[in-house]
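Chain by chain, the residues run as shown.
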There are 2 protein chains.
Amino acid sequence: MTQTRPYHHGNLRQAVLDRAAVVLRERGAAGLSLRELSADVGVSHAAPRRHFADRQALLDAVAADGFARLGTRLREAVDAHPRYADRLRAAATAYLDFGLTEANLVELMFAHQRGAGGAQVRQGATDAFEPLLDVFRHGRQEGVVADGDAERLGLLLVATVQGITNLVACGVVPAAEAGALLDAAVGRFPGAGA
Amino acid sequence: MTQTRPYHHGNLRQAVLDRAAVVLRERGAAGLSLRELSADVGVSHAAPRRHFADRQALLDAVAADGFARLGTRLREAVDAHPRYADRLRAAATAYLDFGLTEANLVELMFAHQRGAGGAQVRQGATDAFEPLLDVFRHGRQEGVVADGDAERLGLLLVATVQGITNLVACGVVPAAEAGALLDAAVGRFPGAGA
DNA sequence: ACCTGAACACCGTTCAAGT
DNA sequence: ACCTGAACACCGTTCAAGT
(Lines give C-alpha, C1' and ligand atoms only; values in the text may rest on other atoms or scores of the structure.)
Protein backbone atom coordinates (compact mmCIF):
# COMPACT_ATOMS: atom_id res chain seq x y z
CA MET A 1 0.00 0.00 0.00
CA THR A 2 2.04 2.83 -1.21
CA GLN A 3 0.64 6.30 -0.65
CA THR A 4 -0.36 8.37 -3.68
CA ARG A 5 2.97 8.79 -5.37
CA PRO A 6 4.00 12.33 -6.31
CA TYR A 7 6.00 11.09 -9.26
CA HIS A 8 4.68 9.91 -12.55
CA HIS A 9 4.85 6.78 -14.67
CA GLY A 10 7.83 5.81 -16.74
CA ASN A 11 6.97 7.58 -19.95
CA LEU A 12 5.38 10.97 -19.46
CA ARG A 13 6.28 12.00 -23.00
CA GLN A 14 4.25 9.21 -24.58
CA ALA A 15 1.37 9.70 -22.14
CA VAL A 16 1.12 13.37 -23.14
CA LEU A 17 1.32 12.53 -26.85
CA ASP A 18 -1.40 9.88 -26.49
CA ARG A 19 -3.71 12.28 -24.70
CA ALA A 20 -2.90 15.01 -27.22
CA ALA A 21 -4.00 12.72 -30.06
CA VAL A 22 -7.41 12.31 -28.41
CA VAL A 23 -7.90 16.03 -27.74
CA LEU A 24 -6.71 16.85 -31.26
CA ARG A 25 -9.36 14.59 -32.76
CA GLU A 26 -12.08 16.16 -30.60
CA ARG A 27 -11.20 19.85 -30.65
CA GLY A 28 -8.41 20.51 -33.13
CA ALA A 29 -4.91 21.88 -32.63
CA ALA A 30 -6.18 25.15 -31.13
CA GLY A 31 -7.68 23.11 -28.30
CA LEU A 32 -4.34 21.62 -27.27
CA SER A 33 -3.17 23.11 -23.97
CA LEU A 34 -0.09 21.96 -22.10
CA ARG A 35 -1.79 22.75 -18.80
CA GLU A 36 -4.89 20.72 -19.61
CA LEU A 37 -2.90 17.80 -21.00
CA SER A 38 -0.77 17.82 -17.85
CA ALA A 39 -3.85 17.71 -15.64
CA ASP A 40 -5.46 14.98 -17.77
CA VAL A 41 -2.37 12.86 -17.40
CA GLY A 42 -2.04 13.54 -13.68
CA VAL A 43 1.07 15.65 -13.52
CA SER A 44 1.94 19.23 -12.67
CA HIS A 45 1.58 21.78 -15.43
CA ALA A 46 5.31 22.35 -15.75
CA ALA A 47 6.28 18.69 -15.87
CA PRO A 48 6.06 18.19 -19.67
CA ARG A 49 8.70 20.87 -20.07
CA ARG A 50 11.33 18.16 -19.65
CA HIS A 51 10.02 16.48 -22.80
CA PHE A 52 8.68 19.41 -24.84
CA ALA A 53 10.57 22.68 -24.73
CA ASP A 54 7.39 24.63 -25.45
CA ARG A 55 3.92 24.22 -26.90
CA GLN A 56 5.23 24.32 -30.47
CA ALA A 57 7.59 21.44 -29.71
CA LEU A 58 4.58 19.36 -28.65
CA LEU A 59 2.73 20.26 -31.86
CA ASP A 60 5.83 19.36 -33.89
CA ALA A 61 6.05 15.98 -32.18
CA VAL A 62 2.37 15.28 -32.86
CA ALA A 63 2.83 16.28 -36.51
CA ALA A 64 5.95 14.14 -36.92
CA ASP A 65 4.07 11.20 -35.39
CA GLY A 66 1.27 11.81 -37.88
CA PHE A 67 3.63 11.70 -40.84
CA ALA A 68 5.16 8.49 -39.53
CA ARG A 69 1.71 6.90 -39.35
CA LEU A 70 0.74 8.21 -42.80
CA GLY A 71 3.97 6.86 -44.26
CA THR A 72 3.23 3.42 -42.82
CA ARG A 73 -0.26 3.43 -44.30
CA LEU A 74 1.02 4.45 -47.72
CA ARG A 75 3.72 1.78 -47.63
CA GLU A 76 1.19 -0.90 -46.74
CA ALA A 77 -1.17 0.24 -49.50
CA VAL A 78 1.57 0.19 -52.12
CA ASP A 79 2.99 -3.16 -51.04
CA ALA A 80 -0.44 -4.78 -51.18
CA HIS A 81 -0.48 -4.70 -54.99
CA PRO A 82 2.03 -5.90 -57.58
CA ARG A 83 1.01 -3.70 -60.52
CA TYR A 84 1.59 0.01 -61.00
CA ALA A 85 -2.01 1.08 -61.71
CA ASP A 86 -3.31 -0.75 -58.63
CA ARG A 87 -0.57 0.65 -56.46
CA LEU A 88 -1.39 4.17 -57.61
CA ARG A 89 -5.07 3.83 -56.78
CA ALA A 90 -4.44 2.10 -53.46
CA ALA A 91 -1.95 4.72 -52.33
CA ALA A 92 -4.23 7.62 -53.27
CA THR A 93 -7.19 5.98 -51.54
CA ALA A 94 -5.17 5.29 -48.40
CA TYR A 95 -4.07 8.93 -48.28
CA LEU A 96 -7.63 10.22 -48.66
CA ASP A 97 -8.91 7.81 -46.01
CA PHE A 98 -6.25 9.02 -43.62
CA GLY A 99 -7.12 12.63 -44.38
CA LEU A 100 -10.85 12.12 -43.83
CA THR A 101 -10.56 10.18 -40.58
CA GLU A 102 -7.78 12.35 -39.16
CA ALA A 103 -8.73 15.77 -40.52
CA ASN A 104 -7.47 17.74 -37.53
CA LEU A 105 -4.19 15.85 -37.49
CA VAL A 106 -3.61 16.45 -41.20
CA GLU A 107 -4.40 20.14 -40.76
CA LEU A 108 -1.72 20.29 -38.07
CA MET A 109 0.75 18.27 -40.15
CA PHE A 110 0.42 20.64 -43.11
CA ALA A 111 0.39 23.84 -41.10
CA HIS A 112 3.11 26.33 -41.81
CA GLN A 113 6.27 25.24 -39.99
CA ARG A 114 7.55 28.31 -38.21
CA GLY A 115 9.84 27.13 -35.43
CA ALA A 116 13.13 25.29 -35.17
CA GLY A 117 11.36 21.93 -35.11
CA GLY A 118 10.05 22.53 -38.61
CA ALA A 119 13.02 20.79 -40.21
CA GLN A 120 12.19 17.60 -38.33
CA VAL A 121 8.54 17.77 -39.44
CA ARG A 122 9.51 18.47 -43.06
CA GLN A 123 11.85 15.48 -43.07
CA GLY A 124 9.02 13.35 -41.69
CA ALA A 125 6.81 14.54 -44.54
CA THR A 126 9.42 13.74 -47.17
CA ASP A 127 9.91 10.26 -45.71
CA ALA A 128 6.18 9.64 -45.58
CA PHE A 129 5.78 10.44 -49.29
CA GLU A 130 8.56 8.08 -50.33
CA PRO A 131 6.15 5.19 -51.08
CA LEU A 132 4.33 7.44 -53.57
CA LEU A 133 7.55 8.21 -55.39
CA ASP A 134 8.23 4.46 -55.45
CA VAL A 135 4.90 3.94 -57.22
CA PHE A 136 6.02 6.12 -60.10
CA ARG A 137 9.53 4.70 -60.14
CA HIS A 138 7.90 1.32 -60.51
CA GLY A 139 5.71 2.78 -63.26
CA ARG A 140 8.83 3.83 -65.08
CA GLN A 141 10.03 0.21 -65.04
CA GLU A 142 6.66 -0.85 -66.47
CA GLY A 143 7.17 1.75 -69.17
CA VAL A 144 4.12 3.91 -68.41
CA VAL A 145 6.00 6.74 -66.72
CA ALA A 146 8.59 8.77 -68.60
CA ASP A 147 12.19 8.98 -67.43
CA GLY A 148 12.74 11.66 -64.79
CA ASP A 149 9.02 12.19 -64.18
CA ALA A 150 8.75 10.09 -61.03
CA GLU A 151 9.45 12.79 -58.47
CA ARG A 152 7.30 15.42 -60.15
CA LEU A 153 4.39 13.00 -60.51
CA GLY A 154 4.79 11.97 -56.88
CA LEU A 155 4.57 15.55 -55.66
CA LEU A 156 1.64 16.16 -57.99
CA LEU A 157 -0.20 13.19 -56.53
CA VAL A 158 0.50 14.40 -53.01
CA ALA A 159 -0.68 17.90 -53.90
CA THR A 160 -3.84 16.65 -55.57
CA VAL A 161 -4.90 14.29 -52.81
CA GLN A 162 -3.92 16.81 -50.13
CA GLY A 163 -5.97 19.45 -51.94
CA ILE A 164 -9.02 17.21 -52.08
CA THR A 165 -8.61 16.35 -48.41
CA ASN A 166 -8.32 20.05 -47.61
CA LEU A 167 -11.46 20.97 -49.55
CA VAL A 168 -13.43 18.27 -47.73
CA ALA A 169 -11.99 19.20 -44.34
CA CYS A 170 -12.92 22.85 -44.69
CA GLY A 171 -16.40 21.95 -45.87
CA VAL A 172 -16.27 23.16 -49.49
CA VAL A 173 -16.67 19.65 -50.88
CA PRO A 174 -19.04 17.14 -49.23
CA ALA A 175 -17.24 14.04 -47.95
CA ALA A 176 -19.54 11.88 -50.07
CA GLU A 177 -18.11 13.41 -53.26
CA ALA A 178 -14.49 13.00 -52.27
CA GLY A 179 -14.20 9.49 -53.66
CA ALA A 180 -15.50 10.45 -57.10
CA LEU A 181 -13.22 13.48 -57.18
CA LEU A 182 -10.25 11.31 -56.25
CA ASP A 183 -11.11 8.78 -58.98
CA ALA A 184 -11.24 11.56 -61.54
CA ALA A 185 -7.90 12.89 -60.33
CA VAL A 186 -6.11 9.55 -60.25
CA GLY A 187 -7.53 8.61 -63.64
CA ARG A 188 -5.68 11.53 -65.20
CA PHE A 189 -2.29 10.18 -64.14
CA PRO A 190 -0.32 8.32 -66.81
CA GLY A 191 -1.02 4.61 -67.01
CA ALA A 192 -3.94 4.74 -64.60
CA GLY A 193 -6.26 3.07 -67.08
CA ALA A 194 -9.78 4.27 -67.83
CA MET B 1 -9.11 71.86 -29.98
CA THR B 2 -11.12 68.91 -28.78
CA GLN B 3 -9.74 66.95 -25.89
CA THR B 4 -8.60 63.35 -26.47
CA ARG B 5 -11.89 61.74 -27.36
CA PRO B 6 -12.87 58.61 -25.47
CA TYR B 7 -14.78 57.31 -28.44
CA HIS B 8 -13.35 55.82 -31.56
CA HIS B 9 -13.47 56.51 -35.27
CA GLY B 10 -16.44 55.75 -37.41
CA ASN B 11 -15.54 52.23 -38.44
CA LEU B 12 -13.96 50.16 -35.71
CA ARG B 13 -14.85 46.95 -37.49
CA GLN B 14 -12.78 47.80 -40.55
CA ALA B 15 -9.93 49.18 -38.45
CA VAL B 16 -9.68 45.89 -36.57
CA LEU B 17 -9.84 43.87 -39.80
CA ASP B 18 -7.11 46.00 -41.39
CA ARG B 19 -4.84 45.57 -38.41
CA ALA B 20 -5.63 41.84 -38.29
CA ALA B 21 -4.49 41.49 -41.90
CA VAL B 22 -1.10 42.94 -40.98
CA VAL B 23 -0.63 40.78 -37.91
CA LEU B 24 -1.79 37.71 -39.82
CA ARG B 25 0.88 38.26 -42.44
CA GLU B 26 3.57 38.68 -39.80
CA ARG B 27 2.70 36.03 -37.24
CA GLY B 28 -0.07 33.81 -38.56
CA ALA B 29 -3.57 33.17 -37.28
CA ALA B 30 -2.33 31.91 -33.91
CA GLY B 31 -0.85 35.37 -33.30
CA LEU B 32 -4.19 37.14 -33.64
CA SER B 33 -5.40 38.38 -30.26
CA LEU B 34 -8.50 40.50 -29.77
CA ARG B 35 -6.85 42.31 -26.86
CA GLU B 36 -3.73 43.17 -28.83
CA LEU B 37 -5.70 44.26 -31.90
CA SER B 38 -7.85 46.47 -29.66
CA ALA B 39 -4.80 48.11 -28.15
CA ASP B 40 -3.17 48.56 -31.56
CA VAL B 41 -6.25 50.31 -32.82
CA GLY B 42 -6.61 52.44 -29.69
CA VAL B 43 -9.74 51.05 -28.13
CA SER B 44 -10.63 49.11 -25.01
CA HIS B 45 -10.25 45.35 -25.16
CA ALA B 46 -13.99 44.73 -25.04
CA ALA B 47 -14.92 47.22 -27.73
CA PRO B 48 -14.67 44.89 -30.75
CA ARG B 49 -17.32 42.72 -29.16
CA ARG B 50 -19.95 44.91 -30.80
CA HIS B 51 -18.59 43.88 -34.20
CA PHE B 52 -17.24 40.38 -33.59
CA ALA B 53 -19.14 38.14 -31.21
CA ASP B 54 -15.95 36.27 -30.33
CA ARG B 55 -12.47 35.52 -31.63
CA GLN B 56 -13.75 32.92 -34.08
CA ALA B 57 -16.09 35.50 -35.61
CA LEU B 58 -13.09 37.73 -36.30
CA LEU B 59 -11.23 34.83 -37.92
CA ASP B 60 -14.31 34.05 -40.00
CA ALA B 61 -14.53 37.64 -41.19
CA VAL B 62 -10.85 37.67 -42.13
CA ALA B 63 -11.27 34.39 -44.01
CA ALA B 64 -14.39 35.62 -45.84
CA ASP B 65 -12.52 38.78 -46.81
CA GLY B 66 -9.70 36.63 -48.14
CA PHE B 67 -12.04 34.60 -50.32
CA ALA B 68 -13.57 37.80 -51.67
CA ARG B 69 -10.11 39.06 -52.63
CA LEU B 70 -9.13 35.71 -54.15
CA GLY B 71 -12.36 35.65 -56.15
CA THR B 72 -11.61 39.10 -57.56
CA ARG B 73 -8.11 38.04 -58.58
CA LEU B 74 -9.38 34.91 -60.29
CA ARG B 75 -12.07 36.86 -62.12
CA GLU B 76 -9.54 39.40 -63.36
CA ALA B 77 -7.17 36.66 -64.50
CA VAL B 78 -9.90 34.84 -66.41
CA ASP B 79 -11.32 37.98 -68.01
CA ALA B 80 -7.88 39.03 -69.24
CA HIS B 81 -7.82 36.30 -71.88
CA PRO B 82 -10.30 35.31 -74.56
CA ARG B 83 -9.25 31.69 -75.10
CA TYR B 84 -9.88 28.71 -72.84
CA ALA B 85 -6.29 27.47 -72.58
CA ASP B 86 -4.97 30.93 -71.67
CA ARG B 87 -7.74 31.47 -69.15
CA LEU B 88 -6.95 28.16 -67.49
CA ARG B 89 -3.25 28.99 -67.14
CA ALA B 90 -3.89 32.55 -65.98
CA ALA B 91 -6.40 31.49 -63.34
CA ALA B 92 -4.11 28.78 -61.97
CA THR B 93 -1.16 31.16 -61.88
CA ALA B 94 -3.19 33.86 -60.14
CA TYR B 95 -4.30 31.35 -57.50
CA LEU B 96 -0.76 30.18 -56.86
CA ASP B 97 0.52 33.76 -56.66
CA PHE B 98 -2.15 34.59 -54.13
CA GLY B 99 -1.28 31.49 -52.11
CA LEU B 100 2.44 32.22 -52.06
CA THR B 101 2.15 35.91 -51.12
CA GLU B 102 -0.67 35.35 -48.60
CA ALA B 103 0.32 31.98 -47.17
CA ASN B 104 -0.98 32.68 -43.66
CA LEU B 105 -4.26 34.02 -44.97
CA VAL B 106 -4.82 30.99 -47.19
CA GLU B 107 -4.02 28.69 -44.27
CA LEU B 108 -6.73 30.46 -42.28
CA MET B 109 -9.18 30.42 -45.19
CA PHE B 110 -8.84 26.67 -45.62
CA ALA B 111 -8.80 25.80 -41.94
CA HIS B 112 -11.53 23.53 -40.68
CA GLN B 113 -14.70 25.59 -40.18
CA ARG B 114 -16.02 24.62 -36.77
CA GLY B 115 -18.34 27.39 -35.64
CA ALA B 116 -21.60 28.88 -36.79
CA GLY B 117 -19.82 31.33 -39.08
CA GLY B 118 -18.50 28.44 -41.13
CA ALA B 119 -21.45 28.56 -43.51
CA GLN B 120 -20.62 32.16 -44.42
CA VAL B 121 -16.98 31.25 -45.08
CA ARG B 122 -17.92 28.21 -47.16
CA GLN B 123 -20.26 30.32 -49.27
CA GLY B 124 -17.45 32.81 -49.79
CA ALA B 125 -15.20 29.97 -50.96
CA THR B 126 -17.81 28.69 -53.39
CA ASP B 127 -18.30 32.18 -54.82
CA ALA B 128 -14.56 32.72 -55.15
CA PHE B 129 -14.15 29.55 -57.20
CA GLU B 130 -16.91 30.48 -59.62
CA PRO B 131 -14.49 32.01 -62.18
CA LEU B 132 -12.68 28.67 -62.35
CA LEU B 133 -15.90 26.84 -63.12
CA ASP B 134 -16.55 29.45 -65.79
CA VAL B 135 -13.23 28.57 -67.39
CA PHE B 136 -14.32 24.99 -67.92
CA ARG B 137 -17.83 25.96 -68.96
CA HIS B 138 -16.17 28.11 -71.60
CA GLY B 139 -13.98 25.14 -72.51
CA ARG B 140 -17.10 23.09 -73.10
CA GLN B 141 -18.29 25.68 -75.61
CA GLU B 142 -14.92 25.44 -77.35
CA GLY B 143 -15.41 21.70 -77.41
CA VAL B 144 -12.36 20.70 -75.36
CA VAL B 145 -14.25 19.88 -72.17
CA ALA B 146 -16.84 17.10 -72.10
CA ASP B 147 -20.44 17.77 -71.12
CA GLY B 148 -21.01 17.73 -67.37
CA ASP B 149 -17.31 17.80 -66.53
CA ALA B 150 -17.06 21.52 -65.78
CA GLU B 151 -17.78 21.40 -62.06
CA ARG B 152 -15.64 18.38 -61.41
CA LEU B 153 -12.72 19.83 -63.35
CA GLY B 154 -13.13 23.11 -61.49
CA LEU B 155 -12.92 21.42 -58.10
CA LEU B 156 -10.00 19.36 -59.34
CA LEU B 157 -8.15 22.52 -60.37
CA VAL B 158 -8.86 24.12 -57.01
CA ALA B 159 -7.69 21.01 -55.19
CA THR B 160 -4.52 20.73 -57.25
CA VAL B 161 -3.46 24.36 -56.93
CA GLN B 162 -4.46 24.44 -53.27
CA GLY B 163 -2.41 21.30 -52.69
CA ILE B 164 0.66 22.79 -54.36
CA THR B 165 0.21 25.99 -52.35
CA ASN B 166 -0.09 23.93 -49.19
CA LEU B 167 3.06 21.92 -49.91
CA VAL B 168 5.02 25.10 -50.50
CA ALA B 169 3.57 26.84 -47.45
CA CYS B 170 4.50 24.00 -45.11
CA GLY B 171 7.98 23.81 -46.58
CA VAL B 172 7.87 20.40 -48.27
CA VAL B 173 8.30 21.91 -51.74
CA PRO B 174 10.66 24.86 -52.33
CA ALA B 175 8.86 27.95 -53.62
CA ALA B 176 11.17 28.00 -56.64
CA GLU B 177 9.75 24.66 -57.81
CA ALA B 178 6.12 25.65 -57.42
CA GLY B 179 5.86 27.17 -60.90
CA ALA B 180 7.16 24.07 -62.65
CA LEU B 181 4.89 21.87 -60.58
CA LEU B 182 1.92 24.06 -61.46
CA ASP B 183 2.78 23.92 -65.17
CA ALA B 184 2.93 20.15 -65.04
CA ALA B 185 -0.42 20.05 -63.26
CA VAL B 186 -2.21 22.47 -65.56
CA GLY B 187 -0.77 20.77 -68.62
CA ARG B 188 -2.60 17.58 -67.66
CA PHE B 189 -6.00 19.26 -67.88
CA PRO B 190 -7.97 18.72 -71.11
CA GLY B 191 -7.23 21.20 -73.86
CA ALA B 192 -4.36 22.84 -72.03
CA GLY B 193 -2.00 22.26 -74.94
CA ALA B 194 1.53 20.88 -74.61
C1' DA C 1 17.12 13.12 -13.63
C1' DC C 2 12.48 14.37 -12.99
C1' DC C 3 8.82 16.76 -11.03
C1' DT C 4 6.35 20.50 -7.98
C1' DG C 5 4.40 24.99 -6.85
C1' DA C 6 4.47 29.83 -6.96
C1' DA C 7 4.91 33.72 -9.93
C1' DC C 8 4.43 36.63 -14.12
C1' DA C 9 2.44 38.38 -18.13
C1' DC C 10 -0.69 37.33 -21.17
C1' DC C 11 -5.39 35.54 -23.06
C1' DG C 12 -11.06 35.31 -24.22
C1' DT C 13 -15.35 36.33 -22.28
C1' DT C 14 -18.80 38.57 -19.43
C1' DC C 15 -21.21 42.46 -17.57
C1' DA C 16 -22.53 46.57 -15.06
C1' DA C 17 -21.77 51.19 -15.93
C1' DG C 18 -20.92 55.35 -18.48
C1' DT C 19 -21.97 58.94 -22.59
C1' DA D 1 -25.73 52.71 -30.13
C1' DC D 2 -21.14 52.29 -28.77
C1' DC D 3 -17.49 52.00 -25.65
C1' DT D 4 -15.09 51.46 -20.80
C1' DG D 5 -13.18 49.07 -16.81
C1' DA D 6 -13.27 45.54 -13.50
C1' DA D 7 -13.70 40.66 -12.89
C1' DC D 8 -13.18 35.67 -13.83
C1' DA D 9 -11.15 31.63 -15.46
C1' DC D 10 -7.97 30.23 -18.29
C1' DC D 11 -3.27 30.20 -20.85
C1' DG D 12 2.42 29.57 -21.78
C1' DT D 13 6.69 30.22 -19.66
C1' DT D 14 10.09 30.63 -16.03
C1' DC D 15 12.46 29.19 -11.94
C1' DA D 16 13.75 28.07 -7.25
C1' DA D 17 12.99 24.14 -4.65
C1' DG D 18 12.14 19.40 -3.53
C1' DT D 19 13.24 13.96 -3.91
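Residues numbered from 1 in each chain as written. Chains lettered and ligands numbered in written order. Predicted model: local features only at pLDDT ≥ 70, side-chain atom pairs only at ≥ 80, totals over all residues. Heavy atoms only, no water.

**Regarding helix α7 (residues 130-142) of chain A**
Residue and element names in this part refer to chain A.
Part 1 of the reasoning: Between its first and last C-alpha atoms α7 spans 19 Å; for 13 residues at 1.5 Å apiece the expected length is 18 Å, and the two agree.
Part 2 of the reasoning: Those residues of α7 not exposed but buried are Pro131, Leu132, Leu133, Val135, Phe136, His138 and Gly139.
Part 3 of the reasoning: For α7, the secondary structure elements touched by its buried residues are α3 (55-79), α4 (84-101), α6 (118-128) and α8 (150-169).
Part 4 of the reasoning: Backbone geometry just downstream of α7 places Gly143 in the positive-phi region, at approximately 90°. (Helix = DSSP H or I, 4+ residues; strand = E, 2+ residues; numbered from the N terminus. Expected span 1.5 Å × (residues − 1). Buried < 20%, exposed > 50% of the residue type's maximum accessible area, 1.4 Å probe, protein only. Contact = heavy atoms within 4.5 Å.)

**Focus: the domain arrangement of chain A**
All names here are of chain A.
Part 1 of the reasoning: When the domains of chain A are assigned, the result is domain 1 (1-52) and domain 2 (55-186).
Part 2 of the reasoning: In this structure, domain 1 and domain 2 have C-alpha centres spaced 29 Å apart.
Part 3 of the reasoning: The interface is formed by 14 residues belonging to domain 1 together with 10 residues belonging to domain 2.
Part 4 of the reasoning: A buried area of about 1000 Å², summed over both sides, lies between domain 1 and domain 2, and 69% of it is on carbon and sulfur atoms.
Part 5 of the reasoning: The shortest N-O distance in the salt bridge between Arg25 and Glu102 comes to 2.8 Å.
Part 6 of the reasoning: Our count for the domain 1 to domain 2 interface comes out at four residue pairs in polar contact (both at pLDDT 80 or more).
Part 7 of the reasoning: Of all the secondary structure elements, the ones that give two or more residues to the side of domain 1 that touches domain 2 are α1 (12-27) and α2 (34-41).
Part 8 of the reasoning: With seven residues, the single largest contributor to the side of domain 1 that touches domain 2 is α1.
Part 9 of the reasoning: The residue makeup of the side of domain 1 that touches domain 2, split by class, is 10 nonpolar, one polar and three charged. (Domains from an automatic or database assignment. Buried area = accessible area lost by both parts, 1.4 Å probe. Salt bridge = Lys/Arg side-chain N within 4 Å of Asp/Glu carboxyl O. Polar contact = N/O pair within 3.5 Å; in protein donor to acceptor, adjacent residues only side chain to side chain. Nonpolar A, V, L, I, M, F, W, Y, C, P; charged D, E, K, R; others polar.)

**Digging into the relation of the copies chain A and chain B**
Part 1 of the reasoning: Least-squares fitting of chain A to chain B yields an RMSD of 0.0 Å, with the superposition described by an axial translation of 0.0 Å and a rotation of 180°. Both copies of the chain, as the preceding transformation shows, are related through a two-fold rotation axis.
Part 2 of the reasoning: Comparing interface residues between copies, 100% of those in chain A also lie at the interface in chain B; the contact surface is shared. (Least-squares fit on C-alpha atoms with pLDDT ≥ 70 in both.)

**Looking at the interface of chain A and chain B**
Part 1 of the reasoning: Of the residues lining the interface, 36 residues belong to chain A; the matching set on chain B comes to 36 residues.
Part 2 of the reasoning: Of the roughly 3100 Å² buried where chain A meets chain B, counting both sides, 64% is carbon and sulfur surface.
Part 3 of the reasoning: For chain A, the biggest contributors to the area lost against chain B are A:Leu156, A:Cys170 and A:Arg188; these three give 18% of the whole.
Part 4 of the reasoning: The interface formed by chain A and chain B contains zero salt bridges.
Part 5 of the reasoning: Applying the counting criterion to the chain A and chain B interface returns four residue pairs in polar contact (both at pLDDT 80 or more).
Part 6 of the reasoning: Put simply, the parts of the chain that give the side of chain A that touches chain B at least two residues each are α5 (103-109), α6, α8 and α9 (175-187) of chain A.
Part 7 of the reasoning: In terms of residues, the side of chain A that touches chain B owes the most to one element, α8(A), which gives 13 residues.
Part 8 of the reasoning: Tallied by class, the residues present in the side of chain A that touches chain B amount to 21 nonpolar, nine polar and six charged.

**Some details on the packing of aromatic side chains**
Part 1 of the reasoning: Counted according to the given criterion, the structure contains 12 aromatic pairs over all chains.
Part 2 of the reasoning: Here B:Phe67 and B:Phe110 contribute two aromatic rings whose centre-to-centre distance is 5.5 Å and whose plane-to-plane angle is 65°, an arrangement assigned as edge-to-face. Placement of the pair is B:Phe67 in helix α3 (residues 55-79) and B:Phe110 in the loop between α5 (103-109) and α6 (118-142), with a sequence separation of 43 residues. Taken individually, B:Phe67 and B:Phe110 each receive the classification buried, so the pair is uniform in this respect.
Part 3 of the reasoning: With centroids separated by 6.3 Å and ring planes inclined at 25°, the aromatic side chains of B:Phe110 and B:Phe129 adopt a geometry described as stacked. Remark: B:Phe129 occurs in helix α6 and B:Phe110 occurs in the loop between α5 and α6; sequence separation between them is 19 residues.
Part 4 of the reasoning: We classify B:Phe110 as buried; its relative accessible area is 5%.
Part 5 of the reasoning: For B:Phe129, a relative accessible area of 5% corresponds to the buried category.
Part 6 of the reasoning: Clustering of aromatic rings is evident, with ring pairs tying together A:Phe67, A:Tyr95, A:Phe110 and A:Phe129. (Phe/Tyr/Trp six-rings, centres within 6.5 Å; stacked < 30°, edge-to-face > 60°.)

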